There are 2 protein chains.
Amino acid sequence: RVPRTIEWNPIMAEKAGYKHFMLKEIHEQSQAIIDTFRSAVDLNRGEIRLDDLNLDGKGVAGIRKICLIACGTSYHACMVGKYMIENMCRIPVEVDLGSEFRYRGPLLGQDTLLVVISQSGETADTRAALQEGLEKGAVCRAIVNVVGSSLVRMAGGVIYTHAGPEIGVASTKAFTAQLVALYLFGLYFAVASGRLDRQELSAYIQELIELPRKVSDILARSEELSGLARRFMNCRDFLYLGRGILYPIALEGALKLKEISYIHAEGYAAGEMKHGPIALIDEQMPVVVLMQKGPLFEKMLSNVQEVKARGGQVIALVEGKADERIGPPENRFLIPESSPWLAPVLFTVPLQLLAYQIAVLRGTDVDQPRNLAKSVTVE
Amino acid sequence: RVPRTIEWNPIMAEKAGYKHFMLKEIHEQSQAIIDTFRSAVDLNRGEIRLDDLNLDGKGVAGIRKICLIACGTSYHACMVGKYMIENMCRIPVEVDLGSEFRYRGPLLGQDTLLVVISQSGETADTRAALQEGLEKGAVCRAIVNVVGSSLVRMAGGVIYTHAGPEIGVASTKAFTAQLVALYLFGLYFAVASGRLDRQELSAYIQELIELPRKVSDILARSEELSGLARRFMNCRDFLYLGRGILYPIALEGALKLKEISYIHAEGYAAGEMKHGPIALIDEQMPVVVLMQKGPLFEKMLSNVQEVKARGGQVIALVEGKADERIGPPENRFLIPESSPWLAPVLFTVPLQLLAYQIAVLRGTDVDQPRNLAKSVTVE
C-alpha cells in the first residue's frame, strides 16, 4: 500500500494552554473525529473509501466471521464495534482481550477477518493475538493511531485513527476516534456485502458529519459537570450502568475514573445489577446510569428506581430531553440525540470530563497516574 | 420426554447443623457433583448419556454454533462452558447475558444451539432470551436445577443439575453443578460429532469421577482460610485476577464476596491489570490470584510480582505444589491438580469459603443479603 506521512510537530504535543494533556486531548475530540472520517468519506460520490484497509469487495465476500481484539480502552471500542457491525452487516462478530485470545485456542481460518485495535500499535498482547491470526491464515487488519507501528507493519491493511499524538496515559481522543473508525468499517463492509444501499449510507454519513458539532456542544457544557464532581469527589466507590451499545461505555467510564482518580469504579451491564452489585448500593455509592433513548430507556429507568429505593445516588446521562422520573436536574446531564451507533461517542465525552474533574479535585497526577504506562509493550 | 420426579423432602431444606444454608450448601458440593454426573455417566459402556437433552447424533450434526445465555453466577458458568466446549468440540461458542442478548439483534438460525442456564429455571431475562431463540427457530435447550420450571417447559430438552434445593441467595452448589453439566455436555457433543474417541472420553470421565473427592479435600481444609479471612475482613476493596478458564472464576469469586459481605470486589482478566486496575493497587487492596498449572502459570506469576511491587497484598490459590516465588505460606491456599476443564470447580470452592468466612466475621446476613432476591423473576 502507499506510504503515508503524518506530520506531528512538537507544538502539537504541548498543552496549548490546558492544565493537563488529558484535558487538551478531551477537547481535541471534535477535530480527531473529523480527521478520522475526512479522508474516508467521499461526499461527492456518497461513498466510504478505506484505501489503506486493503480489502475489496471480493475480500469482503470471503469473510464469514469477524474477530475484534484489543486490550484496555481499545477493548471497549471492540465491544461497541460488535454491536455496530453485527447490526449493520449481519455477520457474527466475536470480541476478545488480547491477553485471553491466544490461550483459548481460537477457531480461525481464511474466512475469518481478525481486526486488532490499539492506539500505539505496540500493545504486546494485541500484537501476539495478531501473530496468532497470521499463523492460522486469518485475514488480518488493524485500527491504529501511530503510523509505522508494529501492528501496521504486521497486518495486511489498516484504518488509521487520525487522533494525533495522545500523551495522557488515560486514552480519550484515541478511543472516540476508534469508535468512528469502527463505524466507517461497518458501513464499508455493509455496502461491500450488499447489506446497505446508497440512500441508507447517505443517512449514516449525515449522522457522522453532525457528530463533531454535538461533541463540541458537550465540551462547551463541561462546567455543568463541576457540581457533580465536587459532590462526589470523596466517594470511594462508583458503579456505572449501561445497556446494549452503552454497556461498554459504562465499562469505559468506570475505567477512566479508576485510572486517574484511583476511585474503585466498576462498570456493569444494567440488567446484571439485581444479580449481585445491587448488594453494594447504599448512600455512599453513586451510580452513573447511561440512558439512551429508544427501547432500553424504560428498562434503565427501572434500574434508576431500584437504586433510589436502596438510598443510592444516581448520576444520569440522558439522551434527548429530561425526564422528571430520573431525578433532580442537578443529577442529570443531557446528551444530544444521534444515531444509536454514534451515541457511544457522545456518552463517552461527559464521562471523561467527570473523571478528569474528580481527579483534579483529588489532586492526583492526571497525565501520569501511578502504576500505569501509556503503552503496555510487555505481556 | 419421560417425566421425572425428584424428591426433595423438608429435612433436606433445613440447615442440618450448619450455621447458615450457604455453608451447608458449600459442603454439599461433592454430593451435588456426584448426583449431577451419576445418571449421565455409563461406566460399563464408557458412555455419556444425556437422555433428557433430546439431542441425538443427527441433531448434533446440524449445529454450527452454540450460544450459552444466562444471568449472574450462571453467566460465569457460561463463560467457563465456552472454554470447555470450544476446545472439546472445535465449534464456535458465543456467551451472552440474558439481559443483553435480545437487544443486540442476535444472529440465530436452525443451525444454532441455544443453551440457557439457570438454577431456578425462572430467571426473567434468561427466559426472554430463550423465547427469542424459539421465535428465531434455534435449537433450544436448558441447564436447570428445578424440575418443572419455566425454562424446562419451554426448551426442547434439558440437562438437570441435581444440586438439590439451594436456599442461600448467593449460589454455590448450583454453580459447581452447572460446571459439571457443561463438562458432560461438552463431552457428549464432542463424541457425537466425532471429535473425541472412546479412549479420550474414558480419561475425561476418570477425571470427573475423581472430582468429588478433591472437592471434599478442599472442604476439609476450610480452616486454612480463616487466617486470611480475619486479616482481610476489614478491607473495603478486593481485586480477583484469573486467566483463561479461570478468568470467569475470578469474576465469580468477586461476585460471591460482593453479594454477601458488601465489600467492593471486582474480577478482572489478569492480562488487563496493567491497562487500568493496577492504578488502584496499594496496601489497602488485597489481590486474589488464581494460579493454574500449565502455560499460564508464569504469566500469573508476573502479575503477582507487579502487585507486590506496588505494595499490594496477594492471596494466591495455587494448583499443585507451592512455589516460593508467590509469597509466604500464610497467603497461599493449595488446590489439588485436575484436568484443566475441571479446575474451575476446584478453584471456586475456596473462594466461596473465603467469602463466607469474611461475611460471617463482618456480621452480615449471609443467607439473605440486603437488596438481593434468590431468583430474579422480573426483567
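No experiment lies behind these values; they were computed from the predicted model shown.

Draft legend 1. Representation of the overall build of chain A in the model. If you tally the helices and strands in chain A, you get 13 helices and twelve strands. Here the C-alpha radius of gyration of chain A, 20 Å, is about what a compact globule of 379 residues would show, namely 21 Å. Taking the principal axes of the C-alpha coordinates as reference, chain A spans close to 55 × 45 × 45 Å. Of all 379 residues assigned to chain A, the portion counted as buried reaches 66%. Entry remark: accessible area of chain A is about 13,100 Å², with carbon and sulfur atoms responsible for 49%. Here chain A contributes 42 positive and 44 negative side-chain charges, whose respective centroids are spaced 1 Å apart.

Draft legend 2. Here's a closer look at helix H8 (residues 173-192) of chain B. All names here are of chain B. Helix length check: H8, at 20 residues, gives a terminal C-alpha distance of 28 Å against a target of 28 Å (1.5 Å per residue), a fit within 8%. Taken across its 20 residues, H8 has 18 buried, putting it largely inside the fold. Positive phi appears at Gly194, one or two residues downstream of H8, with a value of about 75°.

Draft legend 3. Main features of the relation of the copies chain B and chain A. Between chain B and chain A, the superposition needs a rotation of 180° and an axial shift of 0.0 Å, giving an RMSD of 0.0 Å. As the rotation angle and translation indicate, the two copies are arranged about a two-fold axis. Of all interface residues in chain B, 100% are interface residues in chain A too; the two copies therefore contact each other through one and the same surface.

Draft legend 4. View of the state of the cysteines. All names here are of chain B. The full count for this structure, using the stated rule, is zero disulfides over all chains. Take Cys67: it sits in no disulfide, and the sulfur closest to it among the cysteines is that of Cys140, at 9.6 Å. Relative accessible area serves as the criterion here: at 1%, Cys67 is assigned to the buried category.

Draft legend 5. Spatial organisation of the packing of helix H9 (residues 198-220) of chain B against helix H13 (residues 343-362) of chain B. Residue and element names in this part refer to chain B. Taken N-terminus to C-terminus, the directions of H9 and H13 make an angle of 25°; their axes are 10 Å apart at the nearest point. The angle between the axes of H9 and H13 places the two elements in the roughly parallel class. The crossing of H9 and H13 is right-handed. Mapping the contact onto sequence places Leu211, Lys214, Val215, Ile218 and Leu219 in H9 and Val345, Leu346, Val349, Pro350 and Leu353 in H13. Among the residues forming the contact of H9 with H13, the class breakdown is nine nonpolar, no polar and one charged.

Draft legend 6. Quick peek at unusual backbone geometry. A positive phi angle, near 50°, is found at Ala16 of chain A, a position not held by glycine. Residue Ala16 of chain A is classed as exposed on the basis of its relative accessible area, which comes to 60%. The residue Asn371 of chain B is not glycine, and still its phi comes out positive at about 70°. Summarising the element assignment, Asn371 of chain B is placed in the segment after H13.

Draft legend 7. Structural detail: the interface of chain B and chain A. Counting residues at the interface gives 59 residues for chain B and 59 residues for chain A. Carbon and sulfur atoms supply 52% of the area buried between chain B and chain A, which totals about 5,200 Å² over both sides. Joining chain B to chain A, the criterion identifies ten salt bridges. Residue Asp237 of chain B pairs with Arg236 of chain A through a salt bridge whose shortest N-O separation is 2.9 Å. The interface formed by chain B and chain A includes 27 residue pairs in polar contact (both at pLDDT 80 or more). Looking at the side of chain B that touches chain A residue by residue, the class counts come to 26 nonpolar, twelve polar and 21 charged.

Draft legend 8. Up close: the sheet that holds strand S9 (residues 264-269) of chain B. Residue and element names in this part refer to chain B. Here we have five strands laid out as an open sheet, ordered S9-S8-S10-S11-S12, and parallel in their pairing. In this open sheet, the two edge strands, each paired with only one partner strand, are S9 and strand S12 (332-335). Adjacent strand axes in the sheet meet at a mean angle of 15° when their direction is disregarded. Sheet topology places strand S8 (residues 237-242) next to S9; six bridges connect them, and they run parallel. Within the sheet, the bridge partner assigned to Phe238 lies in S9 and is Ala265. Most of the contacts of helix H12 (residues 297-309) go to strand S10 (residues 286-291), to which it runs at about 170°, and overall it touches S8, S10 and strand S11 (313-319).

About the thresholds
- Residue positions are counted from 1 within each chain, in the order its sequence is given.
- Chains and ligands are labelled sequentially in the order written, the chains with letters from A and the ligands with numbers from 1.
- With pLDDT at 70 or above as the cut-off, local features in this predicted model cover only qualifying residues; side-chain atom pairs require 80 or more to be listed or tallied, and sums for whole chains, interfaces and linings still use all residues.
- Heavy atoms from the whole structure form the basis of all side-chain values; hydrogens and water molecules are not counted.
- Numbering goes from the N terminus for both helices and strands, where a helix is a DSSP run of H or I of at least four residues and a strand is a run of E of at least two.
- Note that the radius of gyration is over C-alpha atoms, with the globule rule given as 2.2 Å times the number of residues to the power 0.38.
- Note on classification: 1.4 Å probe, protein chains only; a residue is buried when its accessible area is under 20% of the maximum for its type, exposed when over 50%, partly exposed between these limits.
- Per-residue and other accessible areas were derived by the Shrake-Rupley procedure at a 1.4 Å probe size, with only the shown protein chains allowed to occlude residues.
- In summary, the charge assignment counts Lys and Arg as positive and Asp and Glu as negative, without counting His or the chain termini.
- Charge coordinates come from a single atom per side chain, which is NZ of Lys, CZ of Arg, CG of Asp or CD of Glu.
- Between the first and last residue of a helix there are one fewer steps than residues, each counted as 1.5 Å, and that sum is the expected span.
- The copies are overlaid by a least-squares fit using only the C-alpha atoms of residues whose pLDDT is at least 70 in both copies.
- In what follows, residue pairs with any heavy atoms lying within 4.5 Å of each other are defined as contacts.
- Cysteine sulfurs are considered disulfide-paired once they come within 2.5 Å of each other.
- Lines fitted to C-alpha atoms define the axes, with helix axes restricted to the stretch in contact, and inter-axis angles between N-to-C directions lie between 0 and 180 degrees.
- In what follows, roughly perpendicular refers to angles from 65 to 115 degrees, roughly parallel to angles under 35, roughly antiparallel to angles over 145, and oblique to any angle outside these ranges.
- Here is the rule for handedness: rotate from the far helix to the near one, and if that takes an anticlockwise turn smaller than a right angle the crossing is left-handed, while a clockwise turn gives right-handed.
- Gly is put with the polar residues, along with every residue not named as nonpolar or charged; the nonpolar set is Ala, Val, Leu, Ile, Met, Phe, Trp, Tyr, Cys and Pro, and the charged set is Asp, Glu, Lys and Arg.
- The term buried area refers to how much accessible surface (probe radius 1.4 Å) is lost by two components on association, counted for both of them together.
- Salt-bridge detection follows one rule: a side-chain nitrogen of Lys or Arg within 4 Å of a carboxyl oxygen of Asp or Glu.
- Counting of polar contacts relies on pairs of N or O atoms within 3.5 Å, with two restrictions inside protein: one atom must be capable of donating a hydrogen and the other of accepting it, and residues adjacent in sequence are counted only when both atoms are side-chain atoms.
- In short, DSSP must find at least two bridges between two strands for them to pair.

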